[in-house]
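# Architecture at a glance
These are the residues of each chain, in order.
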Amino acid sequence: MVSCADKWRWSINIIQNLRNLFIYVLLSIPFVTWPGSVLRFHLVEWLKVVMFFIFIVTLVRTTGQLKWIFGVFMGAQIVRILEPLYLHLTTGYWGSMAYSQVGGMLFGLDRLSGGPYDVVSPNQLAWLVVSMVPFFFYLLWQGGKIGKVLTLAAAPALIYCLLLTGSRSGLLCLIFVLLTMVFLSRRRLKNFLIASLIALPVAIYSFGNLGLEMQTRYLSIVENNVAGSDTREGRIDALFREVKAISNNPLFGNGLGTSAETNVNVLGGRAQPTHNLYLEALQEVGIIGLVLFLLFVIAIFKSLREAKRLLIEQGRDEKDWLYRMISAAQAWMIMDLFYSLSCFGLSSWEWYFFGGVASVCLALAREISVTEGVSQPSGALFAATLGAFVGQRGTP
C-alpha cells in the first residue's frame, strides 16, 4: 500500500485552478445580474458539490483507500441503475414520459428514469449507465477472471436499462465512450475491429427486441417526420435561442445557478436550465468564469496524463490498478465533455469528484516515482487543504 505524500498535493494545478474559480465566484457576486438568487439558493448548492473535491483530496491518501472509495462509488451507482430496472420488471415502473407531436397528433412514450426517491431523469440515468462502462472495462474486465465474470453478468442489465431510458444522448455517449476507449488503447485498429464485431450484433439484437415506439425514438436521431424528431429539433433550436442570453452581462454572467432564471427573464422561455454545459457556464458565470472552469477541466486532463506517464516510467502497465484507474478516468472525462454538449453540469458533483480523484492519482504517481512515503493525520491535512483552497497555503 502506497502512502500519498502530502507535499505532492500542493503542486497539483487542479487545486489551484479550482481555488481560482472559487475565489472568482465569490468576488463576482456583486457584479452578476441576480446576486440575491446566488446567495439565497445556488451558492450553497455549489459548495456542496465542491466538497466532493475537498474530501477526496484530503481524506484519500493511499492506493488502498482510493480502491475502497471507488468501490463504494461504483456500488452506489449500480444500485441507482438497478433499482428502477428491478421496479420496471416487477411492477411496470417507468418514472417518466416524453411527448412528441407529429402531423398534429400527440404521442406519448414511457421512459425509465431513476427510482421513486432518486432525482435522475431518463437522460441522467442513461448517463449513469454510460459512466460505468469505462470503469467496468478497465477496473474489472482487465482486473482478472472475477472482474470479467462480474462485467459479463452486469452488461445485459446495463444495456437493457440504457435502452429503456429512451435517451438518444445516452446512446450517442455510449458509442462515443467505446470509440474513446479504442482510441486510448495501444492497438487501435485491432481493438476497433473487435469492438465492432461484438457491438454490432448486440446492437442489432437489442434494437430488434425493443417495442415499436422505443425503436422510433432512437430512429428520430436521424429520421425526420417520426415521433421524437420534433423534440430533437426543439432542443437544437433552444440552444441557438439561448445563445442570445449571453449578451446579458457577458463578462460576469447572471449568477451561479441562474440558468433557468435567465431563460425565463431574458428570453421569455420556460424555467429550464440550459442543456449545454458551456452555454450554461457563459450564462451563469460569464466569459471569465467559463475560462476558469475550462482551465480546471484542462488541469484534470493534464494531471491524469502526467500520472500515467510517471507510472509508465516505473514500468507499470494494465496489470497495475492505479494505471487502469487513470485510463478509466481519462475515458470518462472525454465522454463527459461530449455529453456536456446536451446537458448542464456546472453545479453537478461529477466534475469535482473526478477532479479530486485525478489529484489523488497524480499525487500517488508522483510518490511512486520517487519511492517516498510521508504520513500525516487526516484532520491536519483537511485543514491544510482548506487553507490552500482559499488562498492561504497550509503547512503540512
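Residues numbered from 1 in each chain as written. Predicted model: local features only at pLDDT ≥ 70, side-chain atom pairs only at ≥ 80, totals over all residues. Heavy atoms only, no water.

## Some thoughts on the side chain of Thr151
The condition is simple: Where helices and strands are cited, they refer to DSSP runs of H or I of at least four residues and of E of at least two residues respectively, numbered from the N terminus. Relative accessibility decides the category of a residue: with a 1.4 Å probe and only protein chains considered, values under 20% of the type maximum give buried, values over 50% give exposed, and everything between is partly exposed. In this analysis, two residues are considered to be in contact whenever any of their non-hydrogen atoms come within 4.5 Å of each other.
Checked against the element boundaries, Thr151 lands in helix α5 (residues 145–164). Exposure remark for Thr151: the relative accessible area of 13% places this residue in the buried category. With residues up to four places along the chain from it excluded, the contact list for Thr151 reads Phe136, Leu140 and Trp141.

## Some remarks on the side chain of Gln330
Relative to the elements of secondary structure, Gln330 occurs in helix α12 (residues 321–339). When sequence neighbours within four positions are dropped, the list of residues in contact with Gln330 reads Leu184, Leu304, Arg305 and Lys308.

## Topic: the packing of aromatic side chains
This is how it is decided: Only centres within 6.5 Å qualify two rings of Phe, Tyr or Trp (six-membered ring in Trp) as a pair; their planes then separate them into stacked at under 30 degrees, edge-to-face at over 60, and tilted for everything else.
In total, this model carries 26 aromatic pairs according to the counting rule given. The interplanar angle of 50 degrees and the centroid separation of 6.3 Å between the aromatic rings of Phe293 and Phe296 together place this pair among those described as tilted. In this pair, Phe293 and Phe296 are both assigned in helix α11 (residues 277–313), three residues apart and thus about one turn of the helix distant. A relative accessible area of 1% means that Phe293 is categorised as buried. Ring geometry for Trp332 and Trp351: centres 5.8 Å apart, planes at 65 degrees, overall edge-to-face.

## What about the packing of helix α4 (residues 122–140) against α12?
Convention followed: For helices, the fitted line uses only the C-alpha atoms of the stretch in contact; every axis is such a line through C-alpha atoms, and the angle between N-to-C directions lies from 0 to 180 degrees. Here the word oblique covers every angle except those under 35 degrees (roughly parallel), over 145 (roughly antiparallel) and from 65 to 115 (roughly perpendicular). In this scheme the handedness of a crossing depends on how the near helix is turned from the far one: anticlockwise by less than a right angle means left-handed, clockwise means right-handed.
Contact pair α4 / α12: the axes reach a minimum separation of 8 Å and the direction vectors enclose 155 degrees. Here α12 runs roughly antiparallel to α4, going by the angle between their axes. Classified by chirality, the crossing of α12 by α4 is right-handed. Between α4 and α12, the contacting residues are Asn123, Gln124, Trp127, Val130, Ser131, Pro134, Phe135, Tyr138 and Leu139 on the first element and Trp321, Arg324, Met325, Ser327, Ala328, Ala329, Ala331, Trp332, Met335, Asp336 and Tyr339 on the second.

## Regarding helix α13 (residues 349–370)
For the record, the criterion: Expected span, for any helix, means 1.5 Å times one less than how many residues it has.
Taking 1.5 Å of rise per residue, 22 residues should cover 32 Å, and α13 covers 32 Å from first to last C-alpha, within 8% of that figure. Of all 22 residues in α13, 20 are buried; the element is thus mostly enclosed.

## A word on the pattern of salt bridges
Stated formally: Within this document, salt bridges are pairs made up of a side-chain nitrogen of Lys or Arg and a carboxyl oxygen of Asp or Glu, the two lying within 4 Å of each other.
Summed over all chains, the structure comprises six salt bridges. In this structure, Glu45 engages Lys48 in a salt bridge whose closest nitrogen and oxygen atoms are separated by 3.4 Å. Linking Glu45 with Lys48, this pair stays in helix α2 (residues 35–59), spanning three residues, or about one helical turn. Take Glu45: its relative accessible area is 42%, and that puts it in the partly exposed class.

## Some words on unusual backbone geometry
The phi torsion at Asn249 lies on the positive side, around 60 degrees, for a residue other than glycine. Mapping Asn249 onto the fold places it in the loop between α9 (229–242) and α10 (259–265).

## Observations concerning a nonpolar patch on the surface
Here is the rule we go by: Like charges within 9 Å and nonpolar side chains (Val, Leu, Ile, Met, Phe, Trp, Tyr) within 5 Å are joined into patches, using only residues over 30% in relative accessible area that form no salt bridge. In short, Shrake-Rupley with a 1.4 Å probe defines the accessible areas, and a residue's cover is counted only from the protein chains shown.
Side chains of Leu251, Ile287, Ile288, Val291, Leu294, Leu295 and Ile298 sit close together on the surface and give an oily, nonpolar patch of about 520 Å² of accessible area. For Ile287, the position within the fold is in helix α11.

## Side note on the confidence of the model for the protein
For clarity, the cut-off: Confidence of the predictor at the level of single residues is given by pLDDT, which spans 0 to 100.
Per-residue pLDDT for the protein averages 87, and the proportion of residues at 70 or more is 89%. Under a pLDDT of 50 for its full length, residues 372–378 has, in the predicted model, 20 contacts with residues more than four places off or in other chains. A low-confidence stretch, residues 392–396 (pLDDT under 50), is modelled with eight contacts involving residues beyond four sequence positions or located in other chains.

## Describing the environment of Ser167
Put simply, the rule is: Throughout this description, a polar contact denotes any pair of N or O atoms lying within 3.5 Å of each other; where both atoms belong to protein, one of them has to be capable of donating a hydrogen while the other can accept it, and for residues adjacent in sequence the pair is counted only when both atoms sit in side chains.
Residue placement: Ser167 occurs in the loop between α5 and α6 (168–184). Note on Ser167: relative accessible area 0%, which makes it buried. Separated by 44 residues in sequence, Ser167 and Asn123 place their C-alpha atoms 5.2 Å apart. Setting aside its immediate chain neighbours within four residues, Ser167 contacts Arg111, Pro122, Asn123, Ala126 and Tyr218. Among the polar contacts made by the side chain of Ser167, one reaches the side chain of Asn123 at a distance of 2.8 Å. Within the structure, Ser167 has its side chain in polar contact with the backbone nitrogen of Gly170 (distance 2.9 Å).

## Structural notes on the packing of α6 against helix α7 (residues 188–208)
Our working definition: Classes in brief: Ala, Val, Leu, Ile, Met, Phe, Trp, Tyr, Cys and Pro nonpolar; Asp, Glu, Lys and Arg charged; the others, Gly included, polar.
Two elements in contact, α6 and α7, have axes whose closest approach is 8 Å; the angle formed by their N-to-C orientations is 150 degrees. If you check the angle between α6 and α7, you find them roughly antiparallel. Along this stretch, α6 crosses α7, giving a crossing that reads as right-handed. Touching Leu179, Val182 and Phe183 of α6 are Arg188, Asn191, Phe192 and Ala195, all from α7. Classifying every residue of the contact of α6 with α7 by side-chain character gives five nonpolar, one polar and one charged.

## Notes on the nonpolar core
Put simply, the test is: By nonpolar core is meant a set of buried Ala, Val, Leu, Ile, Met, Phe, Trp, Tyr and Cys residues that side-chain atoms within 4.5 Å join together.
With 99 residues, the main nonpolar core has Trp46, Phe70, Phe135, Phe296 and Tyr352 as its most contacted residues. It is α11 that provides the largest number of residues to this core, a total of 16 residues. If near-sequence neighbours (up to four positions away) are discounted, Phe135 is found in contact with Phe70, Met74, Leu140, Met325, Ala328, Ala329, Trp332 and Phe354.

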